[in-house]
Amino acid sequence: MQSLLLSNVIKLLRKEGYELVELVDTKPRCFDIVAKKNKTILLLKVLYNVDSLKPEIAEEMRRLAKILNAVAIVIGEKFKTDFLERRVVYTRYNLPVVSLATFYDYLRGELPYIYSAPGGYYVKIDAEKMRKAREALRISIGEAAKRLGVSKRTVINYEEGSDAVLDVAIKLEELFGNVIKRIDFTEFIKDEKIEESREENEIVCKLREIGISIYTVRHTPFDAVSKVENREILMGLKQIREIEKRAILIGKVSQVISADAAYITEREMKKKIESVVFVHKEELESVSSPYDFISLIDEKTGRCENA
């Protein structure tokens, strides 16, 4: 069921014109698919039963989405023994969780407005819109409360930003029109904190000394993300036997999200890999600023010659 779900997600993305890379053969990984269409980048975790999502994976997925300005979504079909409902957004470790059907609607521009939380289903109210609609209809707070079957205090709460249970939300729309907010998946990571790496890795320390902002990750094909001169760089840092194989995957991901890719190595790399720049560790000794580092990457990719 897991592989079928993953296959269906990929089919939907391709049908809707997304460019993508799947990472099913990469372990460990905090996302299974990275996809992009126009300026929208999606980091997707696909789990038939979302109860298997681990907190450390979710945390890194949120951080990475924040760094890359991407939308992080978990797609599943079940949570424990219950099937996920269509057009309902669930939450797991502060990540939005949706069914395949809801994800299909999302790709077609239909944002959901119902979310699941302890106690049932809820919606977010556009407080200002509701207040103006009530005043335009000359309905008092007391009359609104009577028609909605709630207390005056509850109506006041709605106009101050409180959410409503689904049954009341239906009555709100009947009374005031479209006053329900659609759920914006980017809101889940809006307050996510990201900090630069504190690792004492020699290469990381050197990059930080140069003035490059670097954020290390553990569950992706790349080892770090850097932001230099408004450009994002996916970096390989681990000195493993099959660097070329790993670099190919980093290059594919970088192409999809329109980022640069660089692998810092301790040995000379003769093989060239599309979209990936190999930088020997000793070359960093001649780099004294983020601008120099970007110039080195551009020189190696031939951008300077084509400029």
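See above for the structure.
Reference entry: report on the structure contained in this document. This one's a predicted model, so the numbers in the text were calculated from it and none came from an experiment.

## Some points on the packing of aromatic side chains
Working definition: an aromatic ring pair is given by the centre-to-centre distance plus the angle between the planes.
Here is step 1: Under the counting rule described, the total for this entry stands at five aromatic pairs.
Here is step 2: Ring geometry for Phe103 against Tyr106: centres 6.2 Å apart, planes inclined by 25°, an arrangement best described as stacked. Separated by three residues within a single helix, Phe103 and Tyr106 lie in helix H3 (residues 100-107), roughly one turn from each other. Judged on exposure class, the residue Phe103 and its partner Tyr106 are both buried.
Here is step 3: With a centroid separation of 6.3 Å and an interplanar angle of 40°, the aromatic rings of Tyr263 and Phe278 are classed as tilted. Highlighted residues: Tyr263 in strand E16 (residues 260-265) and Phe278 in strand E17 (residues 277-280), separated in sequence by 15 residues.

## Digging into the sheet that holds strand E13 (residues 213-216)
Here is step 1: If you walk across this open sheet you meet the five strands as E13-E14-E15-E16-E17, and the pairing is mixed. For this open sheet the edge positions go to E13 and E17, each flanked by a neighbour on one side alone. Adjacent strand axes in the sheet meet at a mean angle of 30° when their direction is disregarded.
Here is step 2: When E16 meets E17, the two strands line up parallel, connected through four bridges. Note on E17: the bridge partner recorded for Tyr263 is Phe278.

## A word on the packing of helix H1 (residues 2-15) against H3
Here is step 1: Contact pair H1 / H3: the axes reach a minimum separation of 10 Å and the direction vectors enclose 10°. One finds that H1 runs roughly parallel with respect to H3. Two secondary-structure elements touch here, H1 through Leu5, Asn8, Val9, Leu12 and Leu13 and H3 through Leu100, Phe103, Tyr104 and Leu107.
Here is step 2: Each residue belonging to the contact of H1 with H3 can be placed in one class, and the counts come to eight nonpolar, one polar and no charged.

## Structural notes on helix H5 (residues 141-148)
Here is step 1: Along H5, the positions that sit buried rather than exposed are Ala144, Ala145 and Leu148. Along H5, the residues classed as buried sweep out an arc of 100° about the axis, all on the same side.
Here is step 2: Where the residues of H5 are buried, they touch helix H4 (127-136), helix H6 (152-158) and helix H7 (166-176).
Here is step 3: Following H5 by one or two positions, Gly149 adopts a phi angle in the positive range, close to 75°.

## A short note on the nonpolar core
Here is step 1: Counting residues in each nonpolar core, the largest one holds 64 residues, and the members touching the most others are Val34, Leu64, Leu172, Phe176, Phe222 and Leu234.
Here is step 2: Setting aside residues up to four positions removed in sequence, Leu172 forms contacts with Ile125, Met130, Leu148, Tyr158, Ala164, Gly177 and Val179.
Here is step 3: Within the second largest apolar cluster, 26 residues are counted, among which are Tyr18, Ile75, Val98 and Tyr106.

## Some thoughts on the environment of Ile214
Here is step 1: Mapped onto the elements, Ile214 comes out in strand E13.
Here is step 2: Its relative accessible area of 0% is what places Ile214 among the buried residues.
Here is step 3: Spatially, the C-alpha atoms of Ile214 and Val228 are 9.2 Å apart, while their sequence positions differ by 14 residues.

## Some thoughts on the environment of Ser213
Here is step 1: Positionally, Ser213 belongs in strand E13.
Here is step 2: Beyond its immediate chain neighbours, meaning those up to four positions away, Ser213 contacts Glu196, Val225, Ser226 and Lys227.

## Concerning the pattern of salt bridges
Close approach of charged atoms lets side chains of opposite charge pair.
Here is step 1: On inspection of all chains with the given rule, the structure shows 24 salt bridges.
Here is step 2: For the salt bridge of Lys45 with Asp32, the shortest nitrogen-to-oxygen distance reads 3.4 Å. Within this pair, whereas Lys45 is found in strand E3 (residues 40-46), its partner Asp32 is found in the loop between strand E1 (19-22) and strand E2 (33-37), the two being separated by 13 residues in sequence. Grouping residues by exposure puts Lys45 and Asp32 together as buried.
Here is step 3: The shortest N-O distance in the salt bridge between Asp223 and Arg246 comes to 2.6 Å. Here Asp223, found in the loop between E13 and strand E14 (224-228), pairs with Arg246, found in helix H9 (residues 243-257); they are 23 residues apart in sequence, far enough to count as distant. Each member of the pair, Asp223 as well as Arg246, carries the same accessibility label: buried.
Here is step 4: It is possible to trace a salt-bridge network through shared partners that takes in Glu128, Arg131, Lys132 and Glu135.

Analysis parameters
- Residues numbered from 1 in each chain as written.
- Predicted model: local features only at pLDDT ≥ 70, side-chain atom pairs only at ≥ 80, totals over all residues.
- Heavy atoms only, no water.
- Phe/Tyr/Trp six-rings, centres within 6.5 Å; stacked < 30°, edge-to-face > 60°.
- Helix = DSSP H or I, 4+ residues; strand = E, 2+ residues; numbered from the N terminus.
- Buried < 20%, exposed > 50% of the residue type's maximum accessible area, 1.4 Å probe, protein only.
- Pairing = 2+ DSSP bridges.
- Axes fitted to C-alpha atoms, helices over the stretch in contact; angles between N-to-C directions.
- Parallel < 35°, antiparallel > 145°, perpendicular 65-115°, else oblique.
- Contact = heavy atoms within 4.5 Å.
- Nonpolar A, V, L, I, M, F, W, Y, C, P; charged D, E, K, R; others polar.
- Arc of directions from axis to C-beta.
- Core = buried A, V, L, I, M, F, W, Y, C linked by side-chain atoms within 4.5 Å.
- Salt bridge = Lys/Arg side-chain N within 4 Å of Asp/Glu carboxyl O.

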